[in-house]
Amino acid sequence: MLKYLEPLDWLPTADDLPESDENPVDSEIQETLPNLLKFILAAIFADRSDWFFGIDMGVYYNPDVPAIVPDAFLSLGVETMKSEALRSSYVLWEEKGVIPQLVLEVVSQTYRGEYTTKKDLYEDLGVLYYIVYNPIRKRKPSLEIYRLINGKYLPVIGSPVWMPEIGLGIGKEKHTYHGRHREWLFWYDDEGKRYPTPQELINHERQQATEFKNQFQTEQERSQRLSDRLRELGINPDEI
C-alpha cells in the first residue's frame, strides 16, 4: 500500500497543484451520473460535516507524480468544506492521509485504464471500494464493484451492494432523471431501499403540503356544516 507523505513545509499545497488532468469529460453520463450521486448524498448526509464527494478532481498522493483523477470519489472522516474557497484538488498530505474509501470510474468511448492501470493504482493506494460503471461496452457488465481484501480487489456480486464501512449501498436501476429514462446508479440503505433523488424529495414535500391543505379544507367544511346545523337547532356554536 502506498504511504502518504507527512505535511512538511516544502510540500506543495492544493493551490500549487493542477486541479485535474485537464482531459475533458467525453460523455454526458460521466458528468450527470456522479452529480446525481452527489446530490442524493447531500440529502443523506445533510446533518454531517465529515465527508467529501469529489467529481473529476485530482487526487494527489505523492508530490512527485501527477494526480490520478477519478470520475468521482467519496472520502469519510474529512471536512466537507475546508474553507470558503473550497477544494481545488484532494491532497492526501492536507487531508491527514485520509484515502478515499470509494472511487467511481465511468467507462466512455475510449478506455482510460479503468480495468488496468487505474484499477491497479487504486488497489495500491488502498481505496476500499472500486466501482466501474460501463454503460457502453456490451462485452462487460454495466456495473462492477470491487472490495479491497488483503490488499487485492475482489469482485462483489449483486446490486445493490451494501458497504458497511461507508454505511451505504450502491446499485443500479432504471429511472427517469432530467427527462432521461435509462439506467442510473443510486445509493441504498441497509435494507436495499433506494434513497430518493432531489426531485423525488421535492415532489414528496409538495404532495404532503397538498394533502395537508386538502385535509385542512375538509376539516373547515365539516366544522362549518356542524355550525350551520347547530344554528338550525337554535344553538349558537360560539357559546358552546
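Refer to the structure presented above.
*Asks:* An account of the side chain of Asn134 is needed here, citing residue identities and associated values.
*Replies:* By the element assignment, Asn134 lies in the loop between strand E6 (129-133) and strand E7 (143-149). By relative accessible area, Asn134 is classed as buried at 2%. A polar atom in the side chain of Asn134 sits 3.1 Å from the side chain of Tyr115. Among all residues touching Asn134, those that are not within four sequence positions of it are Val107, Tyr115, Lys140, Pro141 and Ser142.

*Asks:* Summarise the sheet that holds strand E3 (residues 72-76); cite the residues concerned and give the values.
*Replies:* Strand order in the open sheet formed by 6 strands is E1-E3-E5-E6-E7-E8, with mixed pairing between adjacent strands. Across the chains shown, the open sheet's two edge strands, defined by having one partner strand only, are strand E1 (51-55) and strand E8 (152-156). Going from strand to strand, the sheet's axes swing by 20 degrees on average, the running direction of each strand aside. Relative to E8, E7 runs antiparallel, the two being bridged by 5 bridges. Directly across from Tyr146, in E8, lies its bridge partner Pro155. On the sheet, helix H1 (residues 28-44) packs against E1, E3, strand E5 (102-106) and E6 and is oriented at approximately 165 degrees with respect to E1.

*Asks:* Give me the lowdown on the sheet that holds strand E9 (residues 161-163), citing residues and values where you can.
*Replies:* An order of E9-E10-E11 is seen for the 3 strands of this open sheet, with the pairing classed as antiparallel. Because the sheet does not close on itself, it has two edges, and the strands there are E9 and strand E11 (180-188). The sheet shows a mean angle of 35 degrees between the axes of neighbouring strands, direction not considered. Of the strand pairs in this sheet, strand E10 (residues 168-177) and E11 are connected by 9 bridges, and their pairing is antiparallel. In the sheet register, Tyr177 faces E11, and the bridge partner there is Arg180. The sheet strands contacting H1 are E10 and E11, and the helix crosses E11 at an angle near 40 degrees.

What counts and how
- Residues numbered from 1 in each chain as written.
- Predicted model: local features only at pLDDT ≥ 70, side-chain atom pairs only at ≥ 80, totals over all residues.
- Heavy atoms only, no water.
- Helix = DSSP H or I, 4+ residues; strand = E, 2+ residues; numbered from the N terminus.
- Buried < 20%, exposed > 50% of the residue type's maximum accessible area, 1.4 Å probe, protein only.
- Polar contact = N/O pair within 3.5 Å; in protein donor to acceptor, adjacent residues only side chain to side chain.
- Contact = heavy atoms within 4.5 Å.
- Pairing = 2+ DSSP bridges.
- Axes fitted to C-alpha atoms, helices over the stretch in contact; angles between N-to-C directions.

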